[in-house]
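Coordinate analysis (summary)
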Amino acid sequence: MNNTVRRDLDTLESLKTRMVNGQLGRRGFLAGAMGLSATALLSACAGGTTSPSGASGSGSKVIPLYTVENDPATLAFYNMVIANFKKDHPDMDVKVTVYADANQLQYLTTAFQNNVDVGIFSPAVSSFPDFARAGHLAELDDLVQEIGEDDFLPGTRILVDGHDVAMPLQSNSSLVYYRKDLLESAGLSVPKTFEEYRNAVEALHGQNGINGIAMAVGPTPQLPLQFFAPYLYQSGHDYFDRDGQLTFNHPDVLGAVEKFASLMKFAPQSMYNAAFGDIVSAYSAGQAAFATFPGRLGAVLAERDPKLAENTGVMRIPAGDFMTGELHFGSSQQYALYSKTGNPEMAKEFLKRLTTGDDAVAFAKTVPGHLLPPLKSVLAKFEEEVRNPQDEFFTKHGDWVQTFMDCAPNAMTASVSMGAVVDGAFERKITNLCPFSSEIWPSPAFDGVMFQQILLENRSPEDAWKDACGKMQEVADRFHEANPGWSPEVI
């Protein structure tokens, strides 16, 4: 262990002691801990980057927490909650293990096969139905009832065969960051319609070497699913209806495909085969006039370039003629609990600590605007802090956070909220898991291939769209033929 990590560990231990003794609040702890190295923060909560190659040996006095999150802010939060939990339950411990996001499904599947106690973990939402029906997930009905069903924001609970199998940890919305200074210099107002948006992107493209927009498609399934969503929803349609019947083949969807592709032409060509981080890097380096992303981009921008952050605003996406600027992409991430975990009751208690009350407010503030609270009770406390800011980020950029919060209620993921928008109608955000989502959005996903064909191979949007529709129809037909008695579980 090098001297820097050792010093960070000593500092962290001092912060924990002061917090547990009541000499330091959550805000002070996180402010001090988030500046420490990820190595020290992970080491302090007794985890590491591991392979699930054998029995865990956790025992009933240890709660395993498996996560793909390894940024210092999240690790600092885990250290804080664990320290407070151990104060109230001195005979218990929590061990954090970090594993790679890229091979998440394989990692967890191997862990289950080897009876590794993964305790509390956060799988991809599309994995919940298969994991639950394979017997890997504990039912959390009692925890949901204890908190109160009415406290959960729409579209954040997950039911499989009538049982809650998830506890949400965050909700968000993906909007557009824009350069206020560049719009002003060009004599342009903040766009309110798609035509104004496209004209602004085109007008600013190439000015002083800046690209019109940073937005991406590529083999990663979530890329097109995220960035195309507003254009699809604001065409008045979805990939499928609530019963899993294809609606992506509606003629209006072709118009949405054409609109999205027309904007992507003002992104650097590297964005046609990119990753999420490439968007953050491009905008925070001052290389784009607009960028589509959730709140994390703002947090990075404020840290890397405060001057650029001052010249940045956040706006709704005017992507179509149906509920223009009202329907967006939003992801809701959930924790699950392993059905064979050593101490399920204490694991549920710790899970409740992670996701409710003041600890959950503190978590939302680690990446403000991105990790929006999924519980109404937590959101109310968080909104109060945004309105009466004591943190520098809220003082300077509370308007960004408020815009993300305003849009989150109508920000959805098609794989989770299947059929929320159908035939020009939208009632509310729902939870309705697409039962064949892993086949619609594999790697590469059908919609991702479609956009790469349009942008890289100059294929006509209509031909590429028809091919994607055909592939989606085959998947849906195959599922319905194999599962004639299936019916959706809509919340």
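Quick caveat, the model's predicted, so the values are computed rather than measured.

**Some details on the overall build of the chain**
Of the regular secondary structure elements, the chain holds 22 helices and 15 strands. What you see for the chain is a C-alpha radius of gyration of 23 Å, in line with the 23 Å of a compact globule of 491 residues. The principal-axis extent of the C-alpha atoms belonging to the chain is close to 65 × 60 × 40 Å. The 491 residues of the chain split such that 57% are buried. Seen as two clouds, the 38 positive and the 59 negative side-chain charges of the chain have centres 6 Å apart.

**Quick look at the sheet that holds strand S8 (residues 211-214)**
Pairing is mixed in the open sheet, where 4 strands are placed in the order S8-S9-S7-S10. What marks the edges here is a single partner per strand, and that holds for S8 and strand S10 (312-315). Each strand of the sheet is rotated relative to its neighbour by a mean of 20°, with strand direction disregarded. With 4 bridges connecting them, strand S7 (residues 175-179) and S10 associate as antiparallel partners. Of the residues in S10, the one forming a bridge with Val 176 is Met 315. Against the sheet, helix H13 (residues 276-284) engages S7, S8, strand S9 (288-293) and S10, with an angle of about 145° to S9.

**What about the nonpolar core?**
Within the largest apolar cluster, 101 residues are counted, with the highest numbers of intra-cluster contacts made by Tyr 197, Phe 228, Tyr 231, Tyr 239, Phe 248 and Phe 290. Contacts of Tyr 197, omitting those with residues within four sequence positions, involve Val 176, Pro 191, Ile 213, Tyr 231, Leu 263, Phe 290, Thr 292, Met 315, Ile 317 and Pro 318. Formed by 50 residues, the second largest nonpolar core is a distinct cluster that contains Leu 41, Ile 147, Tyr 335 and Val 361.

**A closer look at the side chain of His 397**
In this fold, His 397 is placed in helix H19 (residues 392-407). Take His 397: its relative accessible area is 6%, and that puts it in the buried class. The residues touching His 397, leaving out its near neighbours within four places in the chain, are Ala 302, Ala 309 and Glu 310.

**Looking at the pattern of salt bridges**
Tallying each qualifying case throughout the model produces 25 salt bridges. Arg 133 is paired through a salt bridge with Asp 161; the nearest N and O atoms lie 3.1 Å apart. One end of the pair, Arg 133, is in helix H6 (residues 128-133); the other, Asp 161, is in the loop between strand S4 (159-160) and strand S5 (163-164), and 28 residues separate them in sequence. Within the structure, one salt-bridge network assembled from shared partners comprises Arg 27, Lys 365, Glu 385 and Asp 391.

**Topic: the packing of aromatic side chains**
Throughout the structure, instances matching the rule amount to 28 aromatic pairs. Summarising the aromatic geometry, the rings of Tyr 197 and Phe 290 are spaced 5.6 Å apart at their centres and angled 75° between planes, so their arrangement reads as edge-to-face. Of the two residues, Tyr 197 sits in helix H9 (residues 194-204) while Phe 290 sits in strand S9, which places them 93 residues apart along the sequence. Of the residues examined, Tyr 197 reaches a relative accessible area of 0% and is grouped as buried. Judged by centre distance (5.3 Å) and plane angle (50°), the ring pair of Phe 436 and Phe 479 falls under tilted. Of this pair, Phe 436 sits in the loop between strand S15 (425-426) and helix H20 (437-440) while Phe 479 sits in helix H22 (residues 461-482), and the two are 43 residues apart along the sequence. Pairwise contacts between aromatic rings join Phe 194, Phe 228, Tyr 231, Tyr 239, Phe 248, Phe 260, Trp 441 and Phe 451 into one cluster. Positioned above the aromatic ring of Phe 194, the side-chain terminus of Lys 259 is 5.4 Å from the ring centre.

**A look at unusual backbone geometry**
With an omega dihedral of 5°, the bond running from Ser 443 to Pro 444 counts as a cis peptide bond. Backbone geometry at Asn 115 places phi at a positive 55°, although glycine is not the residue there. Relative to the elements of secondary structure, Asn 115 occurs in the loop between helix H5 (104-113) and strand S3 (120-121). With a relative accessible area of 49%, Asn 115 lands in the partly exposed category. At Asp 161, a residue that is not glycine, the phi angle is positive and equals roughly 55°.

**Looking at the pairing of strand S6 (residues 167-171)**
The element S6 is largely enclosed, with a buried count of 5 among its 5 residues. As paired strands, S6 and strand S12 (residues 332-337) are joined by 4 bridges and run antiparallel to one another. Bridge pairing links Ser 171 to Ser 332 in S12.

**What to know about H19**
Compared with the 22 Å implied by 1.5 Å per residue over 16 residues, the 23 Å span of H19 between its first and last C-alpha is a close match. Every buried residue of H19 is listed here: Phe 393, Phe 394, His 397, Gly 398, Trp 400, Val 401, Thr 403, Phe 404, Met 405 and Cys 407.

**Some remarks on the pairing of S9**
For S9, a buried count of 6 out of 6 residues is recorded, marking the element as mostly surrounded by other parts of the structure. Direction of pairing for S8 relative to S9: parallel, over a ladder of 3 bridges. Its bridge partner being in S9, Ile 213 is matched across the sheet by Phe 290.

**Side note on H9**
Those residues of H9 that sit buried are Phe 194, Tyr 197, Ala 200, Val 201 and Leu 204. Mapping the buried residues of H9 onto a view down its axis gives an arc of 130°, with all of them on the same face. Two residues or fewer past H9, Gly 206 is found with a positive phi of approximately 90°.

Calculation notes
- Residues numbered from 1 in each chain as written.
- Predicted model: local features only at pLDDT ≥ 70, side-chain atom pairs only at ≥ 80, totals over all residues.
- Heavy atoms only, no water.
- Helix = DSSP H or I, 4+ residues; strand = E, 2+ residues; numbered from the N terminus.
- Rg over C-alpha atoms; globule rule 2.2 N^0.38 Å.
- Buried < 20%, exposed > 50% of the residue type's maximum accessible area, 1.4 Å probe, protein only.
- Lys, Arg positive; Asp, Glu negative; His and termini not counted.
- Charge placed at Lys NZ, Arg CZ, Asp CG, Glu CD.
- Pairing = 2+ DSSP bridges.
- Axes fitted to C-alpha atoms, helices over the stretch in contact; angles between N-to-C directions.
- Contact = heavy atoms within 4.5 Å.
- Core = buried A, V, L, I, M, F, W, Y, C linked by side-chain atoms within 4.5 Å.
- Salt bridge = Lys/Arg side-chain N within 4 Å of Asp/Glu carboxyl O.
- Phe/Tyr/Trp six-rings, centres within 6.5 Å; stacked < 30°, edge-to-face > 60°.
- Lys NZ or Arg CZ within 6 Å of the ring centre and 35° of its normal.
- Expected span 1.5 Å × (residues − 1).
- Arc of directions from axis to C-beta.

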